[in-house]
Amino acid sequence: MSTIADLRTLYRLTVAPVRGRTHAERMESFYHQQAGDYDSFRERLLPGRRELVQQLPLREGAVWVDLGGGTGANLEFVRDLVPKLSKVYVVDLAPSLLEQTRQRCERNGWTNVEAIAADATRFELPIQADVVTCSYSLTMIPDWFAAVDRAIELLKPGGVFGAVDFFVSRKHPEIGYAKHSWFTRTFWPTWFAFDNVHLHPDHVRYLHRHFECRRFLEFTTRLPYMPFARVPWYLFVGRKA
Ligand SMILES: C[S@@+](CC[C@H](N)C(=O)[O-])C[C@H]1O[C@@H](n2cnc3c(N)ncnc32)[C@H](O)[C@@H]1O
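Residues numbered from 1 in each chain as written. Predicted model: local features only at pLDDT ≥ 70, side-chain atom pairs only at ≥ 80, totals over all residues.

**Quick look at the overall build of the protein**
This is how the line gets drawn: A run of DSSP states H or I qualifies as a helix once it reaches four residues; a run of E qualifies as a strand once it reaches two. Both are numbered from the N-terminal end. Radius of gyration here is computed from C-alpha atoms only, and the compact-globule reference equals 2.2 Å multiplied by the residue count raised to the power 0.38. Buried residues are those with 20 or more other C-beta atoms within 10 Å of their own C-beta, exposed residues have 12 or fewer, and partly exposed residues lie in between; C-beta atoms are placed from the backbone. The contact rule is simple: place each C-beta atom from the backbone, and if two of them lie within 7 Å, those residues are in contact.
The helix and strand tally for the protein stands at 8 helices and 7 strands. Here the C-alpha atoms of the protein give a radius of gyration of 17 Å, agreeing with the 18 Å that 2.2 N^0.38 yields for 241 residues. Projected onto its principal axes, the C-alpha positions of the protein cover 45 × 45 × 35 Å. Buried residues in the protein amount to 37% of all 241 residues. A sequence separation of at least 24 residues applies to 74% of the contacts in the protein between residues at least 6 apart.

Next comes the structure, spelled out in structure tokens:
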């Protein structure tokens, strides 16, 4: 972590224009200048990824698909397990982030990991997965519901889906779920939308509707260099029936 690297990333997050006619072009435009600094800044920006990955049934021989997996940072949270898995697919639209995944695999000698440039809403596999994850990617996928539907298709019966992401509650959430203030429901979606990150009040309901919920937790966190307010995030683990 260095201040210069943080300043570079902050410039990309808050000032630099994101260009591109397609979603894939916009993703690469956003990420290509920050790919090398991605992990150190996101370690502080994106909470809960380690907690999510470490509670998934990633047993010997398992197949794991990480949709919107970026630099493959999630693999580090179970690094000793990775070589024992049958196959890991890190699927992303940004080639510069996938290049970081490839370098990570080379450094670690992981030969069973594939970094694949593909759209998470259309990604297909000839085999079924034991685990599919989306960490902070659903908010960046315009058709996030299609990515969840795809995850269901990719999973074998009894397979497990795990997600962690920022979100906002509905104005009137179900009883027992967090209810966020007007400020939270208005400010954060507007703020994040600048970077094409769309906080949504329907993720939580959609995930509960499509998986047997095994774990659902709601939190708030402070963002680096923004001490004045807390942004909500959730962790979800569910089983395909
Ligand atoms: C905030 S990053 C999270 C990356 C990684 N999961 C992590 O936790 O560090 C969101 C990722 O979703 C990817 N993404 C956005 N839309 C996508 C799509 N339709 N298909 C695949 N990946 C997508 C972006 O390129 C980016 O790498």
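**Some points on the nonpolar core**
The line we're drawing: To define a nonpolar core, we join buried Ala, Val, Leu, Ile, Met, Phe, Trp, Tyr and Cys residues through C-beta atoms within 7 Å and take the resulting set.
In this structure, Val-132, Ala-147 and Ala-151 are the most contacted members of the largest nonpolar core, which totals 59 residues. Val-132 has contacts with Val-65, Leu-67, Ala-151, Leu-154, Leu-155 and Phe-161, leaving out every residue within four places of it along the chain.

**Looking at helix 5 (residues 95-108)**
Put simply, the rule reads: Each helix should span, by expectation, one fewer than its residue count multiplied by 1.5 Å. Think of the arc as the fan of directions from the helix axis to the C-beta atoms.
Compared with the 20 Å implied by 1.5 Å per residue over 14 residues, the 20 Å span of helix 5 between its first and last C-alpha is a close match. Considered for burial, the residues of helix 5 that qualify are Leu-97, Leu-98, Gln-100, Thr-101, Arg-104 and Cys-105. The arc enclosing the buried residues of helix 5, seen along the axis, measures out at 150°, which places them on a common side. The exposed set on the far side of helix 5, more than 90 degrees from its buried face, consists of Glu-106 and Arg-107. Phi turns positive, to about 70°, at Gly-109, one or two residues after helix 5.

**Some thoughts on unusual backbone geometry**
Positive phi values are uncommon outside glycine, yet Tyr-136 reaches one of about 55°. Structurally, the position occupied by Tyr-136 is in the loop between strand 4 (129-135) and helix 6 (144-154). If you check the backbone angles, Tyr-225 has positive phi at about 65° while not being a glycine. Counting through the fold element by element, Tyr-225 comes out in the loop between strand 6 (212-223) and strand 7 (226-239).

**Considering the packing of helix 6 against helix 8 (residues 203-210)**
We count it as follows: Fitted lines through C-alpha atoms give the axes, limited to the stretch in contact for helices. The angle between two N-to-C directions lies from 0 to 180 degrees. Roughly parallel covers angles under 35 degrees, roughly antiparallel covers those over 145, roughly perpendicular covers 65 to 115, and oblique covers all other angles. The crossing is said to be left-handed when, going from far helix to near helix, the turn is anticlockwise and less than a right angle, and right-handed when the turn is clockwise. By the convention adopted, Pro, Cys, Tyr, Trp, Phe, Met, Ile, Leu, Val and Ala count as nonpolar, Lys, Arg, Asp and Glu as charged, and the other residues, Gly among them, as polar.
Contact geometry for helix 6 and helix 8: axes closest at 11 Å, N-to-C directions at 20°. The angle between helix 6 and helix 8 places the two elements in the roughly parallel class. Helix 8 is crossed by helix 6, and the crossing has right-handed handedness. Between helix 6 and helix 8, the residues in contact are Trp-144, Phe-145, Val-148 and Ile-152 and His-203, Tyr-206, Leu-207 and His-210, respectively. When grouped by side-chain class, the residues that make up the contact of helix 6 with helix 8 number 6 nonpolar, 2 polar and no charged.

**Digging into the environment of Tyr-38**
Looking at where Tyr-38 falls in the secondary structure, it is placed in helix 3 (residues 38-45). When the 20 C-beta atoms within 10 Å are taken as the criterion, Tyr-38 is described as buried. Here the alpha-carbon distance between Tyr-38 and Ile-127, two residues 89 residues apart in the chain, equals 31 Å. Aside from chain neighbours lying at most four places away, what touches Tyr-38 is Gly-70, Thr-71, Leu-97 and Gln-100.

These values are about where atoms sit, not about what they do.
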